[in-house]
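# Structural description and commentary
Given next are the chains, with one letter for each unit.
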Amino acid sequence: YQRRVHGTLSECLFFFVMFRGLSAFRLTAARAVGSSTPPFRVLGLQQVALGGLDKAAMRHLWVDIFGLEQVGTFQSERENVDEDILRLGAGPLAVEVDLMQPLDPSRAPKVHVPPLN
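Now for a look at the structure at hand. In this convention, every chain numbers its residues from 1, walking through the sequence in written order. In view of the model being predicted, local features appear only for residues whose pLDDT reaches at least 70, and side-chain atom pairs are presented and counted only at 80 or more, with totals across whole chains, interfaces and linings using the full set of residues. Side-chain metrics rest on all non-hydrogen atoms present in the structure, leaving aside hydrogens and water.

### Brief notes about the overall build of the chain
The condition that has to hold: Secondary structure elements follow DSSP: runs of H or I of four or more residues count as helices, runs of E of two or more count as strands, with numbering from the N terminus. Classification of residues uses two cut-offs on accessible area relative to the type maximum, computed with a 1.4 Å probe and protein chains only: under 20% is buried, over 50% is exposed, and between them is partly exposed. The contact definition used throughout considers only heavy atoms, calling two residues in contact when any of these lie within 4.5 Å. Note on areas: Shrake-Rupley, 1.4 Å probe, and residue coverage restricted to the protein chains presented here.
Check the secondary structure of the chain and you find 2 helices and 4 strands. Counting from the amino terminus, the chain carries its helices and strands in the arrangement α-β-α-β-β-β. Burial status across the chain gives 31% buried among its 117 residues. Of the contacts formed within the chain by residues at least 6 apart in sequence, a portion of 48% connects residues at least 24 apart. Per element, the accessible surface of the chain, about 7,800 Å² overall, is 59% carbon and sulfur.

### Quick notes on the packing of aromatic side chains
Our working rule: What counts as a ring pair is set by centres within 6.5 Å for rings of Phe, Tyr and Trp (its six-membered ring), and what kind of pair is set by the plane angle: stacked under 30 degrees, edge-to-face over 60, tilted for all other angles.
The final tally for this structure, using the stated rule, is 1 aromatic pair. Between Trp 62 and Phe 66 the ring centres are 5.3 Å apart and the planes differ by 80°, which places this aromatic pair in the edge-to-face class.

### Quick look at a nonpolar patch on the surface
Put simply, the rule is: A residue counts toward a patch only above 30% relative accessible area and without a salt bridge, and it is joined to like-charged neighbours within 9 Å or, for Val, Leu, Ile, Met, Phe, Trp and Tyr, to nonpolar neighbours within 5 Å. Any Lys or Arg side-chain nitrogen found within 4 Å of a carboxyl oxygen on Asp or Glu counts as a salt bridge.
Among the surface-exposed residues, Leu 61, Ile 65 and Phe 66 lie close enough to one another that they form a single nonpolar patch of about 240 Å² accessible area. Take Leu 61: it is sitting in helix H2 (residues 56–65).

### Quick word on unusual backbone geometry
The omega torsion across Ala 108 and Pro 109 is -5°, close enough to zero to call that bond cis. Mapping Pro 109 onto the fold places it in the segment after strand S4 (95–101).

### Some words on the pattern of salt bridges
Under the defined criterion, the tally for this structure stands at 5 salt bridges. Here Lys 55 and Asp 82 are joined by a salt bridge, their closest N and O atoms 3.0 Å apart. You can see Lys 55 sitting in the loop between strand S1 (47–51) and H2 and its partner Asp 82 sitting in strand S3 (residues 81–88), a full 27 residues away along the chain. The same class applies to Lys 55 and to Asp 82, which are both buried. Put simply, Arg 78 and Glu 79 hold a salt bridge, and the shortest N to O gap is 3.5 Å.

Structure follows, in structure tokens:
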């Protein structure tokens, strides 16, 4: 699995954690249906969305410490979101990481509830 991942150490660690998490998820699902294998296959991970009242702390972690690249921003009054769009990895294995904060915390939708950071 690591041979297919090209990137920084933080990217490799993130993929390893996500891979272990997906394996644990498959095992739990298999046990829930009383089988040794779940009735599905996990093909990959496309996007991770993290929400909080202020995305500055999340940005410090993901960009300044882990070294992810910011590839864009998104703001929507209708969706009540101010979002930084980051990329982890490259090519077909790249994962989009969205850091979200509400434009107005008292209004719905509440991208910061539940806090996922």
